[in-house]
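The residues making up each chain are set out below.
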Amino acid sequence: MALEKNRLKLGLVPLVDAAPLVVAKERGFFAEVGLEVELSREASWASIRDKVAVGALDGAQMLAPLPLAMTLGLSAIRVPMVAGMALNLGGNTITLANALWERMDPEIAPALALKAVIEADKAAGREPMTFATVYPFSPHSAELRLWLASAGIDTERDIRLVVVPPPQMIAYLSAGNISGYCVGEPWGSLAVRLGLGRVAATSRDIFAGRLEKVFAVTRDWADHHPETHVAVLEALIGAARWCDENRCELAELLAQPHYVNAPVDALMAPLLGECGLPKDLVVFHRHAANFPWRSQAMWYLEEMKRHGLLPAETDSRAAADAVFRPDLYRMAAGTLGLPVPLVDYKTEGTHAEPWTLLRASRPIAMGPDLLLGGAVFDPFHPPVVADPSSDAADTGDLS
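Residues numbered from 1 in each chain as written. Predicted model: local features only at pLDDT ≥ 70, side-chain atom pairs only at ≥ 80, totals over all residues. Heavy atoms only, no water.

Enquirer: Whenever I open this one, the packing of helix 1 (residues 19–26) against helix 13 (residues 247–254) confuses me. Can you help?
Expert: Helices that pack against each other are described as a pair by the angle of their axes relative to one another and the distance between those axes. Their axes nearest at 10 Å, the elements helix 1 and helix 13 cross at an angle of 90°. Accordingly, the angle class assigned to the pair helix 1 and helix 13 is roughly perpendicular. Residues Ala19, Val22, Val23 and Glu26 of helix 1 form the contact with helix 13, whose participating residues are Leu250, Leu253 and Leu254. The class makeup of the residues in the contact of helix 1 with helix 13 is six nonpolar, no polar and one charged. (Axes fitted to C-alpha atoms, helices over the stretch in contact; angles between N-to-C directions. Helix = DSSP H or I, 4+ residues; strand = E, 2+ residues; numbered from the N terminus. Parallel < 35°, antiparallel > 145°, perpendicular 65-115°, else oblique. Contact = heavy atoms within 4.5 Å. Nonpolar A, V, L, I, M, F, W, Y, C, P; charged D, E, K, R; others polar.)

The structure is reproduced here in C-alpha cells:
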C-alpha cells in the first residue's frame, strides 16, 4: 500500500532515550518502510510541544504525560494528541550538587538526609533550595516529587521547583543556580563524571518499569496519514529492538554533535550500567517497553491531580483512552510478528521480580514494576484525590 506521506520531519531532544528515532534513521529502519525522515534536534520540551502542535514537526519523541497535557489543554496550546507507542522504560536520575551532598549524613538514605538539611536551613532562616525538572508535566516532575515526599519533604513549601531544559542542567548546577535536578540520561551521571554532583536515586528506585517517552503526533495528523503513522511505528519498534541488542554501537551513534553531543563514555554509563548506575536503567524494547499502557497514562494523570496540575474531577480513564492507542501499536507490532499484550491496563507496583505477562498473543517476559514505598496503583480503582488546596490533601501516598 502506498503511503499517504513519505517525507517526514520528526523532533527529538538530546537524550539517551531519543535512541529509537536516531537508530531508525541511521540504521535504515525508516528507509525499509518507505520513509524519508529528517530528524530535528530541539532544545526543550516546550519547543517540541509547540512545533508538533502547529505542524512544523510531523511527530516527535515526547515525555509520556505531554500528549495527555496537550489534549487536556494544560499546556500553552490545546490540541488532541495520539501516542501509538512508548520509546523506552526509565532512564532518569536525581542528581544533587556536591555542596549539598557534603552536608548530608552518609549513614542514612539520601532523601532522609536531604530532609535533615532542609530542616536545618529552615531553623537557620535560610531560603529554600531550588531543584529542577525538565517540564511541569513530565516523568521527572512525578519522580522528584515522589522521592522527596518519601522523606516527608513538602514540594510546595520546603523547596522551589523550576524548569530547565535537559542539556542545560549541568550548567545550572555548576553555576549554583540549582541544588539538584531530575533529568534523563546522560545529563545526570555526566555531572558526576565532571565532579559536580552525585546521583541520589534513579527512575528504577522510584517506579521500575515506568514508561518514560512516547512517540506522539496530533490526532488530526494521525487521521490524515494512517498508513504512514503505522509505518513510522513499525520502524521505531524495530529500531528499539536494535537499541537493546547493540548498546555500544548505540552510544557512538548518539554521541554525534547533531544528536546528544556528549562523550561516548558518558553515554556508555547509562546504557551498560556503569559508574554505579543500574544495568537496566533504560530499556528500549524488552518487557513490552514499547506498549502504550493506558494504566500508566492514568497513573500520570492521577499524579498530576495530586499536585494540583489537573482538576480532580477529570476522568483520567477517558483521557488515557483518548490519547494512548494500544490498537495502533498492536497493528504495527503484528506486522513485525511480535507478541503483544491483549489488555490495555494492568495493576502497577506488584512485582518485585521478573514476571510473565500471560494475557498476550504469546507470553511476554516482564520486569519488576515496584513503586517507591511499596505503593500499588490499581487503574480499576484509582485513589480518590483530594483538592490540593485542602489541608487534608496528601501529596505522598499512592496507595
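Enquirer: Even after reading the chapter, I still don't get the sheet that holds strand 6 (residues 92–97), so can you show me in this structure?
Expert: Each strand in a sheet pairs with another by means of backbone hydrogen bonds, the pair being arranged parallel or else antiparallel. The strand order 8-7-9-6-10 describes an open sheet built from five strands, whose pairing is mixed. Strands with a single pairing partner mark the edges of an open sheet, and in this sheet they are strand 8 (160–163) and strand 10 (197–202). Direction aside, neighbouring strands of the sheet carry axes that sit 25° apart on average. Each of strand 6, strand 7 (130–133), strand 8, strand 9 (180–184) and strand 10 touches helix 7 (residues 139–149); the most contacted strand, strand 6, lies at about 60° to it. (Pairing = 2+ DSSP bridges.)

Enquirer: Would you explain the packing of helix 13 against helix 14 (residues 264–272) in this entry?
Expert: Relative to each other, helix 13 and helix 14 sit at 140°, their axes nearing to 9 Å. When the axes of helix 13 and helix 14 are compared, the pair comes out oblique. Crossing hand, helix 13 versus helix 14: right-handed. Contact residues: Arg247, Cys248, Leu250, Ala251, Glu252 and Leu254 in helix 13; Val264, Leu267, Met268, Leu271 and Leu272 in helix 14. (Left-handed = near helix turned anticlockwise from the far one by under 90°.)

Enquirer: Any chance you could explain unusual backbone geometry here in plain terms?
Expert: What is expected of a backbone is that most residues other than glycine have negative phi and most peptide bonds are trans. Each neighbour pair has its own omega, and for Glu185 with Pro186 the value is 15°, a cis peptide bond. Its place among the elements puts Pro186 in the loop between strand 9 and helix 9 (189–193). Here Cys275, not a glycine, exhibits a phi torsion of approximately 55°, which is positive. Residue placement: Cys275 occurs in the loop between helix 14 and strand 12 (282–283).

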